[in-house]
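Take a look at the letters that make up each chain.
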Amino acid sequence: MINASGVIYNHCIALHKRYYRMWGKHLSCAKLQSHVAKLRKRNRFWQTVGSQAVQDICQRIEKAYQLFFKYNNTGARPPGFKKVKKYKSFTLKQAGYKLLGGNRVKIGNKVYQFYQSREIEGKIKNLTIKRTALGELFMVVVVDEGSSSQVKFTTGKIAGFDFGLKAFLSCSDGTKIESPQFFKQSLNAIKKASKQHSRKLKGSTNRERARKNLVRKYEDISNRRRDWFWKLAHELTDKFDVLCFETLNLKGMQRLWGRKISDLALGEFLQILEWVAKKKNKRVVFIDQWYPSSKTCSNCGYILESLDLSIREWRCPKCQSVNARDENAARNIQMVGASSIGLGDVSRLRAAITA
Ligand SMILES: [Zn+2]
């Protein structure tokens, strides 16, 4: 089914490109969907995936095009062809599957068994079948939980956090959270595995074996990292009621983690944190990335014109207080975050916190 989805995906991409060549405009999602639905009726292989999954493929492509139009001037590229072998997933919304209770699910007209890692709570919104690079299959269920509840103030504490170049997070209370040492060790293991992979002859059994070994190394590090993220999320939500962050800064992430591994690491942490916070009725607040959190003096509000990345500490020309870069940024994020959820305006909070 995933392979069929990949074939349909590529067909849609080809249609998009042809339509643009012929008419000089973007093929709308609705047009594509109705055309592809017609094609599917005549194609046995395409029928192996549910009609809703086919609609979803069209929607994914539409989404990718909209992103492309939005970020066109930043060198973004339109969605392109993908290798069917590497195509990863398909999604079904309300129809095309049925959970039969226990560990059995019917997809299309076949019944499959799965290992259930956790109870499915709430109303099911959709179901995604994913294929990893190792060829394992996962079932991802999205549920609707209903209404969210009020923030429960158990600690009475608000904290701001800054993603740093050195420490993983700097907290407004002056503490730092370092990224664990095992990341570096795992990085070395990945480097070694990747070197071995590239040395093997293309298309050989040895190369495939080396590829799987490399993928396992990647999965190992992301599992350990995720585990650490969960623990950290619990620790922080036990300690604070409201946690403020800047919206993601991808450049900063890459500098911190190195490329491949980095991809989405911080995004993943924030997702886990938001989930844990919701469960415990705590709150995660995001402030605008363009707020000058590093350049503003958290003591008096003075804003520097510029601040080089290499400067770790600076003296405020107005109030003479000495600001440690990361902690100062975290304190500003804390104040802006607190004011954005109606806990007072920034200047009053500043006075109260620094008093
Ligand atoms: Zn100052």
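The structure presented is a predicted model; accordingly, all values stated were derived computationally and were not measured.

1. Thoughts on the coordination of the zinc ion
Within the first shell, the zinc ion binds the protein through C297 (SG), C300 (SG), C316 (SG) and C319 (SG), at distances of 2.2 to 2.3 Å. Taken together, the four donor atoms coordinating the zinc ion span angles of 106 to 112 degrees at the metal, a pattern that classifies the geometry as tetrahedral. Look at C297 and you get buried, because its relative accessible area is 0%. The exposure class assigned to C319 is partly exposed, which follows from its relative accessible area of 26%.

2. Remarks on unusual backbone geometry
The residue N281 is not glycine, and still its phi comes out positive at about 55 degrees. Here N281 is to be found in the loop between α8 (265-279) and β11 (283-287). Residue class for N281 comes out buried when judged on its relative accessible area of 19%. Positive phi outside glycine occurs at Q320, with the angle close to 70 degrees. The topology assignment puts Q320 in the loop between β12 (313-315) and β13 (322-324). Q320 gets classed as partly exposed once you look at its relative accessible area, which sits at 44%.

3. Here we look at the domain arrangement of the protein
Frequently, the measure chosen for interface size is the accessible area removed from exposure when the parts meet. With domains assigned, the protein is organised as domain 1 (2-144) and domain 2 (158-180 + 228-354). Placing a centre on the C-alpha atoms of domain 1 and another on those of domain 2 gives a separation of 37 Å.

4. Observations concerning the pattern of salt bridges
Oppositely charged side chains may form a pair once their charged atoms are brought near each other. The tally for this structure, following the rule as stated, stands at twelve salt bridges. A salt bridge links D220 to R224, with the shortest nitrogen-to-oxygen separation between them at 3.8 Å. Of this pair, D220 and R224 both sit in helix α5 (residues 205-239), four residues apart, which is roughly one turn of the helix. We note a salt bridge from R226 to E268, for which the minimum N-O separation is 2.9 Å. Highlighted residues: R226 in helix α5 and E268 in helix α8, separated in sequence by 42 residues. With a relative accessible area of 18%, E268 lands in the buried category.

5. Some thoughts on the nonpolar core
Of all hydrophobic cores here, the largest spans 31 residues; its most connected members are I8 and V36. Of all the elements in the fold, those that place two or more residues in this core are α1 (2-23), α2 (29-41), α3 (51-70), β1 (89-92), β3 (104-107) and β5 (123-131). Sort the elements by how many residues they give to this core and α1 lands first, with eight residues. If we ignore the near neighbours within four places in the chain, the residues touching V36 are I8, C12, L15, W46, V54 and C58. C171, I177, F182 and I272 belong to the second-largest nonpolar core, a separate cluster that totals 29 residues.

6. A look at α8
With 15 residues, α8 extends 21 Å between its outermost C-alpha atoms, agreeing within 8% with the 21 Å of an ideal straight helix rising 1.5 Å per residue. Where α8 is concerned, the buried positions are A265, L266, G267, E268, F269, L270, I272, L273, V276 and A277. Phi turns positive, to about 55 degrees, at N281, one or two residues after α8.

7. Looking at the packing of aromatic side chains
Evaluated as defined, the whole model comprises twelve aromatic pairs. With a centroid separation of 6.0 Å and an interplanar angle of 80 degrees, the aromatic rings of F161 and F240 are classed as edge-to-face. Of the two residues, F161 sits in strand β7 (residues 158-163) while F240 sits in the loop between α5 and β10 (242-246), which places them 79 residues apart along the sequence. For F240, a relative accessible area of 2% puts it in the buried group. In textbook terms, an aromatic cluster arises when at least three aromatic residues are bridged by ring pairs, as seen for F161, F240, F245 and F286.

8. Concerning the side chain of N10
Relative to the elements of secondary structure, N10 occurs in helix α1. Leave out the neighbours within four places in its chain, and N10 touches F81, K82 and V84.

9. Topic: the pairing of β1
In β1, alternate side chains face the same way, and those of S89 and T91 on one face and F90 and L92 on the other are all buried. In terms of strand pairing, β1 meets β5 through four bridges, oriented antiparallel. Paired with F90 across the bridge in β5 is I129.

Parameters and conventions
- Residues numbered from 1 in each chain as written.
- Predicted model: local features only at pLDDT ≥ 70, side-chain atom pairs only at ≥ 80, totals over all residues.
- Heavy atoms only, no water.
- Donors = N, O, S within 2.8 Å, 3.2 Å for Na, K, Ca; no water.
- Tetrahedral: all angles 85-135°; square planar, octahedral: opposite > 155°, others 65-115°.
- Buried < 20%, exposed > 50% of the residue type's maximum accessible area, 1.4 Å probe, protein only.
- Helix = DSSP H or I, 4+ residues; strand = E, 2+ residues; numbered from the N terminus.
- Domains from an automatic or database assignment.
- Salt bridge = Lys/Arg side-chain N within 4 Å of Asp/Glu carboxyl O.
- Core = buried A, V, L, I, M, F, W, Y, C linked by side-chain atoms within 4.5 Å.
- Contact = heavy atoms within 4.5 Å.
- Expected span 1.5 Å × (residues − 1).
- Phe/Tyr/Trp six-rings, centres within 6.5 Å; stacked < 30°, edge-to-face > 60°.
- Pairing = 2+ DSSP bridges.

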